[in-house]
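Read off the chains here:
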Amino acid sequence: MPPEPSDQPIVRARAVEHAYPGVAGASVPVLRGVSLDVRRGELLAVVGPSGSGKSTLLACLSGLETPLGGTVELEGVDLGGLSRQRSARFRRGRVGFVFQAYNLLPALTARENVALPARLARRTADRRTVDAALDAVGLLDVADRRPGSLSGGQQQRVAIARTLVSRPDVVFADEPTGALDTVAGARVLDLLRETATGGRAVVLVTHDLAAAARADRAVVLRDGTVHAELERPGVDALFAAVEHAAVRP
Ligand SMILES: Nc1ncnc2c1ncn2[C@@H]1O[C@H](COP(=O)(O)OP(=O)(O)O)[C@@H](O)[C@H]1O
Ligand SMILES: [Mg+2]
């Protein structure tokens, strides 16, 4: 592959459309021509009313869903031009996820959960890399405990460590603080903020406008379209934009 110019976005989405099957075979449009770039080193927030298509957009940007229209390029490669298998291989290691539900395996310790992606990729997780990831999220001291004995905030930090251990270029986080109290949520947000440095980006879907205000940029969705795009958004500007997006004409 040719060397990448550093100003090339990690993700470039153009005119992305998606729909789900509705009643009586009708299809319900959810994304109606969304175009956006995810730039290197940025924390990009995606906000908007419930049902505006945030999670669907994240799934399309990350390759979890194949959009019905438009293009999504990851590192300059059009995912739509790849077979499912090739796309999955290309995305592996480049794309990471953090969900509201931490998706940890209860029978495994924190350390084993963090090492899991490498094991699934049939690589041995080197202990130093795994422990460095646990240390980065401040959980090395609970590495041998199982998720059930950890707080929600700690579990989410294990999930982030598990994502970071594969050194993805872009981390997609869908309501990662949705199940956490304010303090634990702030800590998770700090981590995502720190993750979005160098060449690595984080795309954060959240309904928490104080969280979104810590992003470098915010995209406000409304009915599956980009309603507004704010650079270095303040809470007040975000609130006004989301409120406006929620008002029906
Ligand atoms: N798997 C699915 N099947 C059918 N409809 C879906 C599915 N996922 C989402 N939807 C619908 O698409 C719309 C947008 O959903 P979503 O992307 O989850 O929005 P948001 O994350 O902004 O709340 C909603 O009306 C939702 O009911
Ligand atoms: Mg959602």
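Residues numbered from 1 in each chain as written. Chains lettered and ligands numbered in written order. Predicted model: local features only at pLDDT ≥ 70, side-chain atom pairs only at ≥ 80, totals over all residues. Heavy atoms only, no water.

Draft legend 1. Region of interest: a positive patch on the surface. A cluster of like positive charges, contributed by Arg86, Arg89, Arg92 and Arg123, occupies part of the molecular surface. Residue class for Arg86 comes out exposed when judged on its relative accessible area of 53%. (Patch = residues over 30% accessible without salt bridge, like charges linked within 9 Å, V, L, I, M, F, W, Y side chains within 5 Å. Areas by Shrake-Rupley, 256 points an atom, 1.4 Å probe, with all protein chains shown as cover. Salt bridge = Lys/Arg side-chain N within 4 Å of Asp/Glu carboxyl O. Lys, Arg positive; Asp, Glu negative; His and termini not counted. Charge placed at Lys NZ, Arg CZ, Asp CG, Glu CD. Buried < 20%, exposed > 50% of the residue type's maximum accessible area, 1.4 Å probe, protein only.)

Draft legend 2. Molecular detail of the nonpolar core. Judged by nonpolar contacts, the single largest core of 46 residues is most densely connected at Val114 and Ile160. One finds Val46, Cys60, Leu74 and Phe90 within the second-largest nonpolar core, a separate group that totals 27 residues. (Core = buried A, V, L, I, M, F, W, Y, C linked by side-chain atoms within 4.5 Å.)

Draft legend 3. Geometry of the site of ligand 1. Around ligand 1 lies a shell formed by Tyr20, Val30, Pro49, Ser50, Gly51, Ser52, Gly53, Lys54, Ser55 and Thr56. With respect to ligand 1, the backbone of Ser52 contributes an N or O atom lying 3.3 Å from an oxygen atom. Thr56 has a polar side-chain atom sitting 2.6 Å from an oxygen atom of ligand 1. When ligand 1 sits alone it has 560 Å² of accessible area, and the protein chains cover 54% of it. Broken down by element, the residue count for the shell around ligand 1 peaks at three residues, all from helix 1 (residues 54-62). Per-class residue counts for the shell around ligand 1 are three nonpolar, six polar and one charged. (Near = heavy atom within 4 Å. Polar contact = N/O pair within 3.5 Å; in protein donor to acceptor, adjacent residues only side chain to side chain. Helix = DSSP H or I, 4+ residues; strand = E, 2+ residues; numbered from the N terminus. Nonpolar A, V, L, I, M, F, W, Y, C, P; charged D, E, K, R; others polar.)

Draft legend 4. Spatial organisation of the packing of helix 3 (residues 110-120) against helix 4 (residues 127-136). Close contact between helix 3 and helix 4 brings their axes to 10 Å; oriented N to C, the two are set at 115 degrees. Crossing of helix 3 against helix 4: the hand is right-handed. For the pair helix 3 and helix 4, contact is made by Ala110, Arg111, Val114 and Ala115 and by Arg127, Val130, Asp131, Ala133 and Leu134, respectively. Grouping the amino acids of the contact of helix 3 with helix 4 by side-chain chemistry returns six nonpolar, no polar and three charged. (Axes fitted to C-alpha atoms, helices over the stretch in contact; angles between N-to-C directions. Left-handed = near helix turned anticlockwise from the far one by under 90°. Contact = heavy atoms within 4.5 Å.)

Draft legend 5. Representation of the pairing of strand 4 (residues 69-74). In terms of strand pairing, strand 1 (residues 11-21) meets strand 4 through five bridges, oriented antiparallel. Within strand 4, the residue paired with Arg14 across the bridge is Thr71. Of the strand pairs in this sheet, strand 4 and strand 5 (residues 77-78) are connected by two bridges, and their pairing is antiparallel. Residue pairing in the sheet places Glu73 in a bridge with Asp78 of strand 5. (Pairing = 2+ DSSP bridges.)

Draft legend 6. Geometry of the confidence of the model for the chain. Residues with a pLDDT of 70 or more make up 96% of the chain, whose mean pLDDT is 92. Element-level pLDDT for the chain is lowest in helix 3, with a mean of 88, against a maximum mean of 98 in strand 4. (pLDDT = per-residue confidence, 0-100.)

Draft legend 7. Region of the structure containing the environment of Thr129. By the secondary structure assignment, Thr129 is in helix 4. Remark: the alpha-carbon pair of Thr129 and Ala159, spanning 30 residues in sequence, is separated by 15 Å. Within the structure, Thr129 has its side chain in polar contact with the side chain of Asp126 (distance 2.7 Å).

Draft legend 8. Representation of the pattern of salt bridges in the model. A full pass over the atoms with the stated rule returns twelve salt bridges. Residues Arg232 and Asp216 are paired through a salt bridge, measuring 3.0 Å at the closest nitrogen-oxygen approach. Residue Arg232 is located in the loop between strand 10 (225-231) and helix 8 (235-246), and its partner Asp216 is located in the loop between helix 7 (209-212) and strand 9 (217-222); the two are separated by 16 residues in the primary sequence. Take Asp216: its relative accessible area is 13%, and that puts it in the buried class. Through salt bridges with shared partners, a single network forms among Arg111, Arg127, Asp131 and Asp144.

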